[in-house]
Amino acid sequence: MFKTLKVDHIGIAVKDLEQAKKFYTEVLGMTAMGEEVVEQQKVKVCFIPCGDSEVELLESTSPDGPIAKFIEKNGEGIQHMALRVDNIEAALADLKAKGVRLIDEKPRYGAGGASIAFVHPKATGGILLELSERK
Ligand SMILES: C[C@H](C(=O)O)C(=O)SCCNC(=O)CCNC(=O)[C@H](O)C(C)(C)COP(=O)(O)OP(=O)(O)OC[C@H]1O[C@@H](n2cnc3c(N)ncnc32)[C@H](O)[C@@H]1OP(=O)(O)O
Ligand SMILES: [Co+2]
């Protein structure tokens, strides 16, 4: 069994992280945390905490990365939603047993050392869903 605990973050695809950050810090007065490059996902990310959740700004590090492809097709905007789960292995096994279309059958490295896995938008009613377990 697994539990879905909260909205961990909302992932926003941006062309220029530095530029995008300014709205949240200068206009909204939020505090941006450090940046991290997640090679496997071909992204540079920056988290901006907001209460119990976070805004995740994502800039592609490669023209063939998922964020670059998303922006090419849709322009900048919300690219995924991440839900925090207490046990990602159990969650993936449960969703697989229910026949849910998974992008990742095994957890992968996520920013800040999280274990993450993506569920296909076709299985969720149109949202790219990230499951995230933080130790
Ligand atoms: C590291 C950090 C972290 O938090 O730790 C992250 O978040 S990394 C975040 C970046 N990494 C990821 O996003 C990895 C998971 N993403 C992926 O594997 C891929 O982006 C993907 C499989 C969702 C889509 O790949 P693709 O663009 O080549 O596929 P297609 O363009 O053919 O899209 C297939 C169908 O899904 C829809 N679709 C594609 N992307 C999205 C999206 N972000 N939200 C909602 N729907 C989407 C398309 O409109 C299409 O629907 P229709 O057929 O009706 O037109
Ligand atoms: Co994310």
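In this text, all values refer to a predicted model and were calculated from it rather than measured experimentally.

**Structural notes on the coordination of the cobalt ion (ligand 2)**
Coordination of the cobalt ion (ligand 2) by the protein is provided by His9 (NE2), Glu56 (OE), His80 (NE2) and Glu130 (OE), with metal-donor distances spanning 2.1 to 2.4 Å. Here the cobalt ion (ligand 2) binds six donor atoms, and the angle range of 79 to 173 degrees at the metal identifies the geometry as octahedral. Spacing between the donor residues of the cobalt ion (ligand 2) along their common chain follows H-x46-E-x23-H-x49-E. Here glutamate 56, found in strand E4 (residues 53-60), pairs with histidine 80, found in strand E5 (residues 77-85); they are 24 residues apart in sequence, far enough to count as distant. Take glutamate 56 and histidine 80: they sit in the same class, and that class is buried.

**What to know about the UniProt feature "coiled-coil region" (unreviewed entry) in the protein**
The sites that carry the UniProt feature "coiled-coil region" (unreviewed entry) are, in the present numbering, residues 78-105. Counted over residues 78-105, helix gives 36% and strand 29%. Its end C-alpha atoms are 23 Å apart.

**Notes on the pattern of salt bridges**
The full count for this structure, using the stated rule, is twelve salt bridges. Note that aspartate 8 is salt-bridged to arginine 134, the shortest N-O span being 3.5 Å. Taken together, the residues span a long stretch of sequence, with aspartate 8 in strand E1 (residues 4-13) and arginine 134 in the segment after strand E8 (129-133) at a distance of 126 residues. We note a salt bridge from glutamate 35 to lysine 44, for which the minimum N-O separation is 3.9 Å. Taking relative accessible area as the criterion, glutamate 35 reaches 35% and is therefore assigned partly exposed. One salt-bridge network, in which partners are shared between bridges, spans Glu18, Lys21, Glu35 and Lys44.

**Comments concerning the site of ligand 1**
Around ligand 1, a shell composed of 21 residues is seen, among which Gln41, Glu56, Gln79, Ala111 and Lys122 lie nearest. Contacts to ligand 1 include lysine 73, whose side-chain N or O atom sits 2.9 Å from an oxygen atom. Between glutamate 130 and ligand 1, the recorded distance is 2.9 Å, taken from a side-chain N or O atom to an oxygen atom. Considered on its own, ligand 1 offers 1,000 Å² of accessible surface; in the complex 70% of this is hidden by protein. Elements with a minimum of two residues in the shell around ligand 1: E4, helix H2 (66-74), E5, strand E7 (114-119) and helix H4 (121-124). Element by element, the count of residues in the shell around ligand 1 is highest for H2, at four residues.

**Notes on the packing of aromatic side chains**
Per the counting criterion, the structure on display carries one aromatic pair. Ring geometry for phenylalanine 23 versus tyrosine 24: centroids 5.5 Å apart, planes at 85 degrees, classification edge-to-face. Using a relative accessible area of 17% as the deciding quantity, one classes tyrosine 24 as buried. Above the ring of phenylalanine 47, the side-chain terminus of arginine 134 is found at 5.6 Å from the ring centroid.

Rules used throughout
- Residues numbered from 1 in each chain as written.
- Chains lettered and ligands numbered in written order.
- Predicted model: local features only at pLDDT ≥ 70, side-chain atom pairs only at ≥ 80, totals over all residues.
- Heavy atoms only, no water.
- Donors = N, O, S within 2.8 Å, 3.2 Å for Na, K, Ca; no water.
- Tetrahedral: all angles 85-135°; square planar, octahedral: opposite > 155°, others 65-115°.
- Helix = DSSP H or I, 4+ residues; strand = E, 2+ residues; numbered from the N terminus.
- Buried < 20%, exposed > 50% of the residue type's maximum accessible area, 1.4 Å probe, protein only.
- UniProt positions renumbered as here; feature names shortened; annotations may be inferred.
- Salt bridge = Lys/Arg side-chain N within 4 Å of Asp/Glu carboxyl O.
- Near = heavy atom within 4 Å.
- Polar contact = N/O pair within 3.5 Å; in protein donor to acceptor, adjacent residues only side chain to side chain.
- Areas by Shrake-Rupley, 256 points an atom, 1.4 Å probe, with all protein chains shown as cover.
- Phe/Tyr/Trp six-rings, centres within 6.5 Å; stacked < 30°, edge-to-face > 60°.
- Lys NZ or Arg CZ within 6 Å of the ring centre and 35° of its normal.

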